[in-house]
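Take a look at the letters that make up each chain.
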Amino acid sequence: MEWLFDPTIWVGLFTLVLLEIVLGIDNLIFIAILADKLPPHQRDKARLLGLSLAMAMRLGLLTIVSWLVTLTTPLFSLGAFSFSGRDLILLLGGLFLLFKATVELHERLEGVTHTQDGSKAYAGFAAVVAQIVVLDAVFSLDAVITAVGMVDELGVMMAAVVISIGVMILASKPLTRFVNAHPTVVVLCLSFLLMIGLALVAEGLGFHIPKGYLYAAIGFSILIETLNQFARRNLLRNQARIPLRERTAQRVLSLLGNRKRSEPAPDTEEAQGVEEAFAVEERNMVSGVLTLADRSIRSVMTPRSEMSWVNLEHETDDILRQLHATPHGLLPVCRGELDNIVGIARTKDLLSALLQRQPIDETAGALLRAPIVLPETAGVLTAMDTLKRARGQLVLVADEYGTVQGLLSPVDILEAIAGEFPDEDEQPAVRAQGPGQWEADGSADLHLLQQVLETDALVDEADDYTSLAGFLLARFETLPELGQAVELDGLRFEVLAVEDRRILRVAIRRAEAHGHAQAEALAQDR
């Protein structure tokens, strides 16, 4: 037992344990891959059984180490090649690794899922264990030959095998979870098995490939994959900062084939089929629904400047003419100014009362309804809930000082989803003027404008404006003059009309359409 106190023995044991673990990693990975084909409740049992068989096989092979050394004796020759028992084992094991790793790689790269009638078809436990036994035989031979070449004491070899297998048993589940959670790691490990299988075939044919080359290639590949995993983790971390609703909306819209004008057209038949199956209007409606909860009430309401309301201080005949001309069924009734609201009334009720010379004031409780007021900071979903409980009544929107900023009706919510529904006295806020050319009102909603222009450069949730006029004022930083223009994302916005400190109309052209128009004008001048 004097060898137990020899420092070189312990150094050899430690080195051999490390080598056995390194040599057993590929065995452990392949066992994990094979165990994944079993039902979940059998996987741990298969991993433990596989590693136990590996330890038993290595210990059994070590006990007949003297016989393994004699396997180098040639058994027969085939042309210029002579084959020993060791060569045949290496050759057959290498071919098996090449076949198995190629099949696994093909299934993973081609997306084969092994499903039948919606349920996963698991492999039989006996078949998986049989494959593990074959793999253990192949990998154990490599490890045993390494042990024989490093250490002379059989006890040290067995101790190294037991320690290394114990470490791998403890690490099998964490390693298996990691491998299953990272598909690229599985592909990388299968490529390692291809390389090891090729090396075994070469060894069996008499061509020695230094193990240092293999380990250097494996180590370099692992380093690259580690960097790739760090990059992927950072990408997922950055994506996690985007709100879940926004990520879900982007995912759904991408599945519907929604893409911006600047994005390339899909080059796959499936993607092109999706775009053909869903019209632009359908994708815009889905986009409107998915982004509705993130919009403020200011972005969907009818602004103060476009509100129709009844001023009780006007003459009766003037009010009657206004009511006959209005297409609206409900109107705010005010005294003197919009912020002095008396109530909300139906147009037909107002007409009837005025024709019958009935008084319309604060005492007309049956005629006037109390106004429902929401703050402009409220969300659209809150406004929708309020509209449901309003029983057809309008909702007024006020700022923090109580000043009326606009009104909201169910039609405004519908327009936020499906686009404009102009009244009889209105025209669309965005009007096509030709290929790549539009004319838009300054009050045009930016979300609607984005859909029409096929861009995503107009709306930013951090901005406090919701109209085209607000967007342009933020760019000019002053009230623009006629003809002033700004360009963004290949679009040119030119001011056509300004009145009462408001941008009324804007011409919008794509950059290519604007260049074509300038060329035509220059040709006419010549």
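To start, this report covers the structure provided alongside it.

Right, let's talk about the overall build of the protein chain for a bit. Scanning the protein chain from terminus to terminus reveals 18 helices and 16 strands. Intrachain contacts of the protein chain at a sequence separation of at least 6 include 61% that bridge at least 24 residues. Summed over all atoms, the accessible surface of the protein chain reaches about 29400 Å², with 58% contributed by carbon and sulfur.

Each turn of an α-helix holds 3.6 residues, which means side chains three or four residues apart point in the same direction. Among the residues of helix α13 (residues 347-355), those classed as buried are T347, L350, L351, A353 and L354. With its buried residues spanning 170 degrees around the axis, α13 presents them on a single face. Facing away from the buried side of α13, by more than 90 degrees, are the exposed residues K348 and L355. Buried-residue contacts for α13 involve β6 (310-311), α12 (316-325), β7 (330-335) and β8 (337-346).

If you want to describe how two helices pack, look at the angle between their axes and the distance between the axes. Interhelical geometry of α12 versus α13 gives an angle of 150 degrees and a closest axis separation of 10 Å. One way to sum up the angle between α12 and α13 is to call them roughly antiparallel. Read as a crossing pair, α12 and α13 show a hand that is left-handed. Residues T316, I319, L320, L323 and H324 of α12 pack against T347, L350, L351, L354 and L355 of α13. Looking at the contact of α12 with α13, its residues break down into seven nonpolar, three polar and no charged.

Structurally, the position occupied by T386 is in helix α14 (residues 380-389). Given a relative accessible area of 8%, T386 falls into the buried group. When near neighbours in sequence (up to four residues on either side) are disregarded, T386 contacts I372, L374 and V395.

Looking now at the packing of aromatic side chains. Aromatic rings in a pair are described by how distant their centres are and how their planes are angled relative to each other. Following the criterion strictly, the structure yields two aromatic pairs and no others. Ring plane angle 70 degrees and centroid distance 6.4 Å describe the contact between Y465 and F471, whose orientation is recorded as edge-to-face. Exposure remark for Y465: the relative accessible area of 14% places this residue in the buried category. Taking the relative accessible area as the measure of exposure, F471 reaches 0% and is therefore buried. Linked through ring pairs, Y465, F471 and F493 together constitute an aromatic cluster.

With that out of the way, let us pick up the pattern of salt bridges. A complete count under the given rule lists 10 salt bridges for this structure. Here R304 ties to D339 by a salt bridge, and the two come within 3.0 Å at their closest N and O atoms. One end of the pair, R304, is in the loop between β5 (302-303) and β6; the other, D339, is in strand β8, and 35 residues separate them in sequence. For R304, a relative accessible area of 32% corresponds to the partly exposed category. In this structure, R492 engages E494 in a salt bridge whose closest nitrogen and oxygen atoms are separated by 3.9 Å. Judged by relative accessible area, which is 19%, R492 ranks as buried. Judged by relative accessible area, which is 26%, E494 ranks as partly exposed. Each of R431, E439, D441 and R505 takes part in salt bridges that share partners, so that together they form one network.

For the rest of this paragraph, the subject is the sheet that holds strand β12 (residues 430-434). Pairing in this open sheet of five strands is antiparallel, and the strands run β12-β13-β16-β15-β14 from one edge to the other. Looking along the sheet, the strands with just one partner apiece sit at the ends: β12 and β14 (485-488). Mean inter-strand twist for the sheet, computed between neighbouring axes without regard to direction, equals 25 degrees. Examined bridge by bridge, strand β13 (residues 437-441) and strand β16 (residues 502-510) share five bridges and lie antiparallel to one another.

On to the sheet that holds strand β9 (residues 372-375). The strand order across the open sheet built from four strands is β5-β11-β10-β9, with neighbouring strands paired in mixed fashion. Looking at which strands have only one partner, the edges of the open sheet turn out to be β5 and β9. Direction of pairing for β5 relative to strand β11 (residues 404-408): antiparallel, over a ladder of two bridges. Paired with T302 across the strands is L407, a residue of β11. Together, β9, β10 (395-398) and β11 form the strand contacts of α14, whose direction differs from that of β9 by roughly 175 degrees.

This brings us to the pairing of strand β15 (residues 491-499). Here four bridges tie β14 to β15, and the two strands are oriented antiparallel to one another. Bridge pairing in β15 places L488 opposite L491. Where β14 folds back onto β15 in an antiparallel hairpin, the turn is made up of two residues, including D489, whose phi is positive at roughly 55 degrees. Note that β15 and β16 share eight bridges and pair antiparallel. Residue pairing across strands places V495 opposite V506, the latter belonging to β16. Counting the residues that bridge the hairpin from β15 to β16 gives two residues, and of these D500 lies at a positive phi of roughly 55 degrees.

Time to look at the environment of I508. If you trace the backbone, I508 turns up in strand β16. Among the residues examined, I508 registers a relative accessible area of 0% and is labelled buried. With 22 residues separating them along the chain, I508 and V486 place their C-alpha atoms 9.9 Å apart. Look past the residues within four positions of I508 in its chain and what remains in contact with it is G436, Q437, W438, A440, L449, L453, L468, R492 and F493.

If you trace the backbone, T102 turns up in helix α4 (residues 85-109). It is 8.6 Å that separates the C-alpha atoms of T102 and S191, two residues lying 89 residues apart in sequence.

Rules and cut-offs
- Residues numbered from 1 in each chain as written.
- Predicted model: local features only at pLDDT ≥ 70, side-chain atom pairs only at ≥ 80, totals over all residues.
- Heavy atoms only, no water.
- Helix = DSSP H or I, 4+ residues; strand = E, 2+ residues; numbered from the N terminus.
- Contact = heavy atoms within 4.5 Å.
- Areas by Shrake-Rupley, 256 points an atom, 1.4 Å probe, with all protein chains shown as cover.
- Buried < 20%, exposed > 50% of the residue type's maximum accessible area, 1.4 Å probe, protein only.
- Arc of directions from axis to C-beta.
- Axes fitted to C-alpha atoms, helices over the stretch in contact; angles between N-to-C directions.
- Parallel < 35°, antiparallel > 145°, perpendicular 65-115°, else oblique.
- Left-handed = near helix turned anticlockwise from the far one by under 90°.
- Nonpolar A, V, L, I, M, F, W, Y, C, P; charged D, E, K, R; others polar.
- Phe/Tyr/Trp six-rings, centres within 6.5 Å; stacked < 30°, edge-to-face > 60°.
- Salt bridge = Lys/Arg side-chain N within 4 Å of Asp/Glu carboxyl O.
- Pairing = 2+ DSSP bridges.

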